[in-house]
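The residues making up each chain are set out below.
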Amino acid sequence: MSQASPGNSNMIADVESVLCELLAVEDLVAITLFHRLLRTAHLLKHIIIQHDDIQLSPSRIFLLMHLAAAAQAANQEGLSPSDLSTLLGVSRNTVSSLINGLEEQGLVLRQLHPTDRRQFRIQITSHGYTVICDQAPHFAHKASSILGVLSHDERNQLSILLEKLHDGLAAHTSV
């Protein structure tokens with residue numbers, strides 16, 4: 001688990017042993033992995049925020065990309081918030097919040113469904129389309145650069161493992 005100089009290895013082993021007793025676990029693998037996930041998420045957030053070339057949050061970029069793709073696929077009536085929730089893998093409340101922010105920025109329009117007045121359709125505006133066409137390549141390049149330390153196979157495996165972890169977490173929460 002730890003990398004230390006030989007002089008410190010006994011002290012580290014003692015601390016790890018006490019931690020195992022304190023946490024009532026055989027080893028610290030799960031705790032260490034959890035901590036690494038948190039550190040990695042923190043670094044990702046920091047990297048995205050630190051660069052001014054991307055002016056939309058990743059969540060807003062993903063939503064706009066889906067709306068742009070729907071428009072390109074000749075889906076002129078847009079997507080429902082429920083569709084977006086499914087595509088993005090987030091709650092309807094999260095999608096609603098994203099749509100509200102994008103609507104305030106003039107990047108999306110919320111319109112009543114043409115045949116079912118109880119539903120809304122979300123469409124990307126021409127300004128939103130221009131913005132996403134400008135921002136998405138920068139975002140994709142940044143994501144590729146960040147994940148460049150992993151091979152193609154490692155990225156696929158990580159994706160599978162993160163999806164499995166996400167599904168397990170989602171099954172135990174109402175978020």
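In this report, we go over the structure that sits alongside the text. What you see is a predicted model; the values in this text were computed from it and never measured.

## So, the environment of Ser9
So, step 1. By the element assignment, Ser9 lies in helix H1 (residues 6-23).
So, step 2. Placed 70 residues apart in sequence, Ser9 and Leu79 show a C-alpha to C-alpha distance of 57 Å.

## Remarks on unusual backbone geometry
So, step 1. You will see that Ala24, though not glycine, has its phi angle at about 60°, which is positive.
So, step 2. Among the structural elements, Ala24 can be located in the loop between H1 and helix H2 (29-50).
So, step 3. A relative accessible area of 69% places Ala24 in the exposed class.

## Comments concerning the side chain of Ser85
So, step 1. With respect to the element layout, Ser85 can be found in helix H4 (residues 81-88).
So, step 2. By relative accessible area, which is 10% here, Ser85 ends up buried.
So, step 3. Each residue touching Ser85, except ones within four places of it in the same chain, is listed here: Val90, Ser91, Arg92 and Val95.

## A closer look at the pattern of salt bridges
So, step 1. Applying the stated criterion across every chain yields a total of 4 salt bridges.
So, step 2. Among the ionic pairs, Arg121 bridges to Glu77, the shortest N-O distance being 3.4 Å. On the criterion of sequence distance, the pair formed by Arg121 in strand S2 (residues 120-124) and Glu77 in the loop between helix H3 (58-72) and H4 is long-range, its members being 44 residues apart.
So, step 3. The class of Glu77 is partly exposed, set by a relative accessible area of 36%.
So, step 4. Across the pair Asp83 and Arg121 runs a salt bridge, and its minimum N-O distance is 3.9 Å. Of the two residues, Asp83 is situated in helix H4 and Arg121 in strand S2; the sequence distance between them amounts to 38 residues.
So, step 5. On the basis of relative accessible area, Asp83 is assigned to the partly exposed category, the value being 32%.
So, step 6. Taking relative accessible area as the criterion, Arg121 reaches 11% and is therefore assigned buried.

Rules used throughout
- Residues numbered from 1 in each chain as written.
- Predicted model: local features only at pLDDT ≥ 70, side-chain atom pairs only at ≥ 80, totals over all residues.
- Heavy atoms only, no water.
- Helix = DSSP H or I, 4+ residues; strand = E, 2+ residues; numbered from the N terminus.
- Buried < 20%, exposed > 50% of the residue type's maximum accessible area, 1.4 Å probe, protein only.
- Contact = heavy atoms within 4.5 Å.
- Salt bridge = Lys/Arg side-chain N within 4 Å of Asp/Glu carboxyl O.

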